[in-house]
Amino acid sequence: MALGIGRCLLEKRKGHNNNKRDRESDHKSSSSPSLYLCRFLSNARKKCFSGFAISRIFSSSYSSSDSTCDSIKMTISDSESMDFPCTLEEERRIVTELMSEAEDQLKEGNLYFVISNRWYASWKRCVNQITEEISSGKASEVTRPGPIDNHDIIDSESDASDPQLLKNLEEAVDYVLVPEQVWNKLVEWYKGGPPIQRKLISQGFYSKSYSVEVYPLCLKLTDSKDGSSYIIRLSKQASVGQLYETVCAARGVSKEKARIWDYFQKKKSVLLDPSSEKTLEESCLQIDQDILLEVDGSASSQEDMSSAGNELALVLVEPATNTMLSEGTVSNGHSNGSMFSLFKNPFNNDACGSSSGFGRREKRGLVGLQNLGNTCFMNSTLQCLAHTPPIVDYFLKDYSADINEDNPLGMRGELAIEFGELLRKLWSSGQYTVAPRSFKTKLGRFAPQFSGYNQHDSQEMLSFLLDGLHEDLNKVKQKPYIESKDSDGRPDDEVAEEMWKYHKARNDSVIVDVCQGQYKSTLVCPECGKISITFDPFMYLTLPLPTSRTRSMTVSVFNGDSNPLLTPYTVTVPKDGSLRDLDSAVGAACGLKDDESLLFADVFSHKVFKYLDNPLETLSEIKDNDRIVAYRFNQMHRGPGKAKLEILHWEPKKVDIGREAKYFGIPLVTYVDTEPLSRSDIDAIISGVMSPLHRTTVHAGEENGHVPDVADGSLSPKDTELEDGNGESSFNVFLTETYSSSLKPLEPGFVANTRSATKVVFEWNEKEHERYDSSSLDVDLPEVYKSSLFVNKAKKEVSLFSCLEAFIAEEPLGPEDMWYCPACKEHRQAKKKLDLWKLPEILVVHLKRFTYSRFLKNKIDKLVNFPIHDLDLSKYVMNKDGQSCLYELYAVSNHYGGLGGGHYTACAKLMDENKWYDFDDSRVSPIDESEIKTSAAYVLFYRRVKSESTSSYMDID
């Protein structure tokens, strides 16, 4: 859920060092944070305009004077009175140019506006469609969106003058961000709102990146004088001094007399310094957190803080950020004589890492982590690492000598120190839960993508954390420059050892020793056959889940001229395809003629829930349990001057008391003229649509079973004899609306709605049942896809070894990753193969459940059958150096739910007990080993099985 604007993308190297699995459209990346390059607005621009190419200036052939454009009919939904000064293609050009200008003029404080993605997507589809139709030369009907409407993303309880966003919204799903200039243009063209304004802020410690602060910091202020509460909204980049000014101005008190406390969990922890220039984020203030205002003479004095401190015996004091390891200095600035005291007595009070729950938990390692607001991804990762034996062994000892404060790729040791302090709290024997506020503050400071309170990916966080810890603990102070060499036909053992030696000469830390392995990368030129072999380190294995790239879909085609009327067809289409792919496949299956077309509709509860008439709509919008009908029409019945008429079937039923009515059957759909219709016109339309159901003969006016066009005078005399002698309609037909159950008679002079389908209700009485056979309508529509109960489990299950086989399979490089062949002196689309060469002590396996493409975002929920004990990888490891290839599972990071949200938990094994526990944020509970293997498993943590006994981290006090 990271912001598209200011999102940091990893710089990827071509050829060997670009893991072939990472070339797929993944939802994250895994390289060192030092390689992050900020793409700023360009990524957001691509996201906002996904579906058409971005360019600053479009071809003049797209001008509104083009004859093709003139043939495209424009209709305006909900805004017919709007005056549009620009054509759609001009709107597209203007918006694209303004986005480019905003990217070129990036600076802190720039204004951006939040727009509902529901509205923006409709505008985007509109400009996409017209551009495509213009380029193809086909005429089409394009519907403009109505006024901008942001109400679906606004909290209905917020003040109308200061609208607040709903919580946990996701960019590109619920909303989009546009620069101020783009917003002004859209409002000028479409009106509407309300405006939701946000600012661009700068984040990061060593290298700055920009992001839009969609959710400013919301603090709950309690006035100790009368207990009243207020909401304070400030940027997380605001200083503590600015917080004082805002609070004092709002409460009308003097800044000199005010004291503001960090009131986390309704307990005074830290008195905020009014002269401090630290940001609110650096001060560990979290979203929706409490702060307390005291005014001299109205509340407790400093002595009260002493008693509060006694109550908070489990609250730990945050170490100083940069001076922590300086000789004789701790966070309060007083001398302690020796830095080593930091490690001898780690359980001092930490205001930014408070614990909740009192009493004592005797078993260590069973401490929960409080969710600070969408931080379950972080908690899941931390619990897995907190139960990684060699990592805990290391951080519970004195590691101060390894801190590298001068590494430009590191965090001056701050991240490693903060992580170590957190592990000490988690392995304290007297705590139930810990609030990792200080750790999250450090994480957000050095990795801005994790600041704020959006949901993130646990594996992405794991990747950054391991890289950051490595750089903070890298014993190499001056990295030597080593030129990479090709294998040149030398033995693999020699080349691999040389490459590992070079790697260790630049990278030497506990993370490298414990978590890094080595794989062999082979590239083969398709032209000259040149073979290039390199050996590269890896921190984890990202394994693809074998899955089909196609999708089976069943659609029921409604034929007005054949028996049966409804024929189901099962077709195979690209999983990330569009409605155009489905239209082509179904058309071929049913033998669609050149002068015919299909209208797709999602039918639910005997009504059309939604018409699928946008050829660019992604098939991911159609779910497996939907029921889709494709209505078959002659092209002459569709087009300009026509409107959809939907006929629902309604039948009164006798019950014990009175009568009730119900809908039944499949709705019928036809096209009618948009001119006023008389009674005879209405009757002729109904008769024509119902003619395939006639129990006797087919009327002459019903050519080929298609609905006769009332306007062309092709109705037979029998059609016009459907009025009785009193001039009344021979059918009981009523008008209804989509979201209404009320019915009203269909009056002469009725005009069909051109913007949406007009729904009418046909009443089936005894006379109609005698005339028509409703049995062919009252059938169960098949679902789009129905899996078999007997084969479903087998199809949805895949073994970990098949994922590994897919990982090491040979495949060609993508067109964007062409390899420069040193023999050909040209870039070639080489074939690439990865093999495991050296395995680490701790093997992290990332199951690639999330996939992104242009049209589809998807999570693969297949159950991966992974071994808990005795994972034997010996057949996959090429280097036979005597190292054990047998592994045992000890932790799992789980993800439940769908894309862009869901919930993360962790399962970890407590080694001294040989028992598994479930870590769900602050809740910790025992779990049976048989419950570990689920379809939620996302990141697997294995440790090498050793024959010799090793010391346990549980023995360290």
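Calculation criteria
- Residues numbered from 1 in each chain as written.
- Predicted model: local features only at pLDDT ≥ 70, side-chain atom pairs only at ≥ 80, totals over all residues.
- Heavy atoms only, no water.
- UniProt positions renumbered as here; feature names shortened; annotations may be inferred.
- 1 Å grid on protein atoms, 1.4 Å probe; cavity = no way out; pocket = protein on both sides within 12 Å on 5 of 7 lines; lining within 4 Å.
- Points joined across faces, edges and corners; volume = space filled by probe spheres on them.
- Domains from an automatic or database assignment.
- Core = buried A, V, L, I, M, F, W, Y, C linked by side-chain atoms within 4.5 Å.
- Buried < 20%, exposed > 50% of the residue type's maximum accessible area, 1.4 Å probe, protein only.
- Helix = DSSP H or I, 4+ residues; strand = E, 2+ residues; numbered from the N terminus.
- Contact = heavy atoms within 4.5 Å.
- Pairing = 2+ DSSP bridges.
- Axes fitted to C-alpha atoms, helices over the stretch in contact; angles between N-to-C directions.
- Polar contact = N/O pair within 3.5 Å; in protein donor to acceptor, adjacent residues only side chain to side chain.
- Parallel < 35°, antiparallel > 145°, perpendicular 65-115°, else oblique.
- Left-handed = near helix turned anticlockwise from the far one by under 90°.
- Nonpolar A, V, L, I, M, F, W, Y, C, P; charged D, E, K, R; others polar.
- Phe/Tyr/Trp six-rings, centres within 6.5 Å; stacked < 30°, edge-to-face > 60°.
- Salt bridge = Lys/Arg side-chain N within 4 Å of Asp/Glu carboxyl O.

- As annotated in an unreviewed UniProt entry, the protein chain carries the name Ubiquitin carboxyl-terminal hydrolase and is attributed to Raphanus sativus.
- The Function (unreviewed entry) field of the UniProt record for the protein chain holds the comment "Recognizes and hydrolyzes the peptide bond at the C-terminal Gly of ubiquitin. Involved in the processing of poly-ubiquitin precursors as well as that of ubiquitinated proteins."
- UniProt, in the comment section headed Catalytic activity (unreviewed entry), describes the protein chain in these words: "Thiol-dependent hydrolysis of ester, thioester, amide, peptide and isopeptide bonds formed by the C-terminal Gly of ubiquitin (a 76-residue protein attached to proteins as an intracellular targeting signal)."

## What about empty space enclosed by the protein?
Right, so step 1: Under the counting rule described, the total for this entry stands at 9 cavities of 30 Å³ or more.
Right, so step 2: In this structure, the second largest cavity encloses a volume near 90 Å³.
Right, so step 3: Lining the lining of the second largest cavity are residues from two domains, each supplying at least three of them: domain 2 (217-295) and domain 3 (371-545 + 811-944).

## As for the nonpolar core
Right, so step 1: By size, the foremost hydrophobic cluster in this structure holds 61 residues, and its most contacted members are Leu382, Phe395, Phe419, Phe439, Met461, Leu465 and Phe941.
Right, so step 2: With 7 residues, the top contributor of residues to this core is helix H11 (residues 414-426).
Right, so step 3: Leaving out residues up to four positions away in the same chain, methionine 461 has contacts with Phe377, Met378, Thr381, Leu382, Phe439, Leu443 and Phe450.
Right, so step 4: If you look at the next biggest cluster of nonpolar residues, it comprises 39 residues, including Phe633, Ile685, Val689 and Ala757.

## Here's the deal with the sheet that holds strand E9 (residues 197-203)
In a beta sheet, neighbouring strands are held together by backbone hydrogen bonds and run either parallel or antiparallel to one another.
Right, so step 1: Strand order across the open sheet formed by 4 strands is E7-E4-E9-E10, with antiparallel pairing between neighbours. Of all the strands in the sheet, the pair left with one neighbour each is strand E7 (175-179) and strand E10 (209-212). With direction set aside, neighbouring strand axes in the sheet form an average angle of 35 degrees.
Right, so step 2: Where strand E4 (residues 111-116) meets E7, 5 bridges bridge the pair, whose relative direction is antiparallel. The residue of E7 that forms the bridge with isoleucine 115 is valine 176.

## Quick look at the environment of glutamate 282
Right, so step 1: Position of glutamate 282 among the secondary structure elements: in the loop between strand E14 (270-272) and strand E15 (289-295).
Right, so step 2: Sequence separation between glutamate 282 and alanine 238 is 44 residues; the distance between their C-alpha atoms is 10.0 Å.
Right, so step 3: Sequence-distant contacts of glutamate 282, defined by excluding residues within four places in its chain, comprise Thr441 and Arg445.

## Brief notes about the side chain of histidine 895
Right, so step 1: When you line up the elements, histidine 895 lands in strand E42 (residues 886-896).
Right, so step 2: Note on histidine 895: relative accessible area 2%, which makes it buried.
Right, so step 3: Side-chain polar atoms of histidine 895 contact the side chain of lysine 859, separated by 2.9 Å.

## Some thoughts on the sheet that holds E14
Right, so step 1: Ordered by their spatial adjacency, 5 strands build an open sheet running E12-E11-E15-E13-E14, and the pairing between neighbours is mixed. Each edge of the open sheet is held by one strand with a lone partner, namely strand E12 (229-234) and E14. Taking each pair of neighbouring strands and ignoring which way they run, the sheet shows an average axis angle of 35 degrees.
Right, so step 2: By the bridge criterion, 5 bridges tie strand E11 (residues 217-223) to E15 in an arrangement that is parallel. Among the inter-strand pairings, leucine 221 is bridged to a residue of E15, identified as isoleucine 291.
Right, so step 3: Helix H6 (residues 240-251) rests against E11, E12, strand E13 (258-262), E14 and E15 of the sheet, and its axis sits at about 140 degrees to E12.

## Some thoughts on the packing of H11 against helix H12 (residues 437-446)
Right, so step 1: At a minimum axis separation of 9 Å, H11 and H12 run at an interaxial angle of 160 degrees. Taken together, the axes of H11 and H12 are roughly antiparallel relative to one another. Considering only the axes of H11 and H12, their crossing is left-handed. Facing H11, whose interface residues are Glu414, Leu415, Glu418, Phe419 and Leu422, H12 presents Ser438, Phe439, Lys442, Arg445 and Phe446.
Right, so step 2: Partitioning the contact of H11 with H12 into residue classes produces 5 nonpolar, 1 polar and 4 charged.

## As for helix H9 (residues 376-385)
Right, so step 1: With respect to burial, H9 is a largely interior element, 10 of its 10 residues being buried.
Right, so step 2: Of all the positions in H9, only Cys376, Phe377, Met378, Asn379, Ser380, Thr381, Leu382, Gln383, Cys384 and Leu385 are classed as buried.

## Some points on the packing of aromatic side chains
Right, so step 1: Applying the stated criterion across every chain yields a total of 22 aromatic pairs.
Right, so step 2: The interplanar angle of 20 degrees and the centroid separation of 6.0 Å between the aromatic rings of tyrosine 519 and phenylalanine 538 together place this pair among those described as stacked. One end of the pair, tyrosine 519, is in strand E19 (residues 517-524); the other, phenylalanine 538, is in strand E20 (residues 531-538), and 19 residues separate them in sequence.
Right, so step 3: Tyrosine 519 gets classed as buried once you look at its relative accessible area, which sits at 5%.
Right, so step 4: For the ring pair phenylalanine 558 and tyrosine 631, a centre distance of 5.8 Å and an interplane angle of 45 degrees mean the geometry is tilted. In this pair, phenylalanine 558 is assigned in strand E22 (residues 550-558) and tyrosine 631 in strand E26 (residues 628-634), connecting sequence segments 73 residues apart.
Right, so step 5: The rings of Tyr394, Phe395, Tyr399, Phe419 and Phe439 are connected pair by pair, giving a single aromatic cluster.

## Quick word on the pattern of salt bridges
Right, so step 1: Across all of its chains, the model carries 30 salt bridges by this definition.
Right, so step 2: Residue glutamate 498 pairs with arginine 490 through a salt bridge whose shortest N-O separation is 3.1 Å.
Right, so step 3: According to the relative accessible area criterion, arginine 490 is partly exposed, its value standing at 23%.

## Examining the packing of H9 against helix H13 (residues 458-472)
Right, so step 1: Orientation of H9 relative to H13, taken along the N-to-C sense of each, is 55 degrees, at an axis distance of 8 Å. What the angle tells us is that H9 and H13 run oblique. Relative to H13, the crossing made by H9 is right-handed. Facing H9, whose interface residues are Phe377, Met378, Thr381, Leu382 and Leu385, H13 presents Ser458, Met461, Leu462, Leu465 and Leu466.

## Things to note about the environment of methionine 378
Right, so step 1: Along the chain, the position of methionine 378 falls in helix H9.
Right, so step 2: Judged by its relative accessible area of 1%, methionine 378 falls in the buried class.
Right, so step 3: Apart from the residues within four sequence positions on either side, methionine 378 is in contact with Pro436, Phe439, Lys440, Leu443 and Met461.

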